[in-house]
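Okay, here's what each chain looks like letter by letter:
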Amino acid sequence: MAAGWLRELAGDRIEVRSAGSAPADSINPAAVEAMAEVGIDISHQNPKILTPESVQASDVVITMGCGDACPIYPGKRYEDWKLADPAGKGVAEVRPVRDEIRARVEELIASLLPQGTSTTSAQN
C-alpha cells in the first residue's frame, strides 16, 4: 500500500522500490480492495524479497517491523513505521491502515521534496 500511495502522490519525482524481508505469495486481497476504493490499483504488484542491493540503491528505507531481518548500511536514512499488520484482516480493518500509510507517505514526500523539484529513490 505504501508503494501504491507513493507512486500515486509523488508521480515520477520519487523512484519507488517495494520489497519485504518475508514477503507473502500474493498481495493481500483486502489491501487491493482498500486501495481500489481510493482509485489506486495495486492488483498487478507481486511481493518481492528485500535484497541488500535494493537497499544499497535507495536513499531512504522505510521498514514496517522487519527488525534484524533488514540490512542496515551506513549513510542511508531509515524509518520504521509501526503499523497494524493488515494480513488476514478484512477490508474494514485495512482501511485505517491504508489511511495511516497515506499520511506517512505524505510526510515522507514533504521531507524528500520540500521544493517539489528534486528526484530521489525510496525503498519500502
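Chains are numbered independently. Their residues run from 1 in the order of the written sequence. Owing to the predicted nature of the model, reporting of local features is limited to residues with pLDDT of at least 70; listing and counting of side-chain atom pairs is limited to 80 or more, with chain, interface and lining totals taken over all residues. Side-chain figures throughout are based on the complete set of non-hydrogen atoms in the structure, without hydrogens or water.

### Observations regarding the pairing of strand 2 (residues 60–63)
- The buried label applies to any residue whose accessible area, calculated with a 1.4 Å probe on protein chains only, is under 20% of its type's maximum; exposed applies above 50%, and partly exposed to all values in between. Counting from the N terminus, the helices are the DSSP runs of H or I reaching at least four residues and the strands are the DSSP runs of E reaching at least two. Across the two faces of strand 2 the burial is the same, with Val60 and Ile62 and Val61 and Thr63 all buried.
- Taken together, the 4 bridges between strand 2 and strand 3 (residues 77–80) define a ladder with parallel strand orientation. Along strand 3, the bridge assignment pairs Ile62 with Glu79. Note on pairing: two strands pair once DSSP finds at least 2 bridges between them.

### Some remarks on the side chain of Thr63
- Tracing the sequence through the fold places Thr63 in strand 2.
- A relative accessible area of 12% means that Thr63 is categorised as buried.
- The contact rule is simple, with two residues in contact once any of their heavy atoms fall within 4.5 Å. When near neighbours in sequence (up to four residues on either side) are disregarded, Thr63 contacts Cys70, Glu79, Asp80 and Trp81.

### Quick look at the packing of helix 1 (residues 2–10) against helix 4 (residues 91–112)
- Axes here mean lines fitted to C-alpha atoms, for a helix over just the part in contact, with angles spanning 0 to 180 degrees between N-to-C directions. Taken N-terminus to C-terminus, the directions of helix 1 and helix 4 make an angle of 50°; their axes are 9 Å apart at the nearest point. Classified by the angle their axes make, helix 1 and helix 4 are oblique. Where helix 1 crosses over helix 4, the two elements pack in a sense that is right-handed. The segment helix 1 lies against helix 4, with Ala2, Trp5, Leu6, Leu9 and Ala10 engaging Arg98, Ile101, Arg102, Val105, Glu106 and Ile109.
- Gly is placed with the polar residues, together with every amino acid not listed as nonpolar (Ala, Val, Leu, Ile, Met, Phe, Trp, Tyr, Cys and Pro) or charged (Asp, Glu, Lys and Arg). Class assignment of the residues belonging to the contact of helix 1 with helix 4 gives a composition of 8 nonpolar, no polar and 3 charged. For classification purposes, an angle smaller than 35 degrees is called roughly parallel, one larger than 145 roughly antiparallel, one from 65 to 115 roughly perpendicular, and anything else oblique. Handedness of a crossing follows from how the near helix is turned relative to the far one, being left-handed for an anticlockwise turn of less than a right angle and right-handed for a clockwise one.

### Observations regarding the nonpolar core
- Only buried Ala, Val, Leu, Ile, Met, Phe, Trp, Tyr and Cys residues count toward a nonpolar core, and they belong to the same one when joined by side-chain atoms within 4.5 Å. With 27 residues, the main nonpolar core has Met1, Leu6, Ile14, Ile42, Ile101, Val105 and Ile109 as its most contacted residues.
- Sorting the residues of this core by element identifies helix 1, strand 1 (14–17), helix 2 (29–37), strand 2 and helix 4 as the ones contributing at least two each.
- Broken down by element, this core gets its largest block of residues, 8 residues, from helix 4.
- With sequence-adjacent residues up to four places away left out, Val105 is seen in contact with Ala2, Trp5, Leu6, Leu9 and Trp81.
- Among the nonpolar cores identified, the runner-up in size contains 5 residues, and Leu50, Val55, Val61 and Cys66 belong to it.

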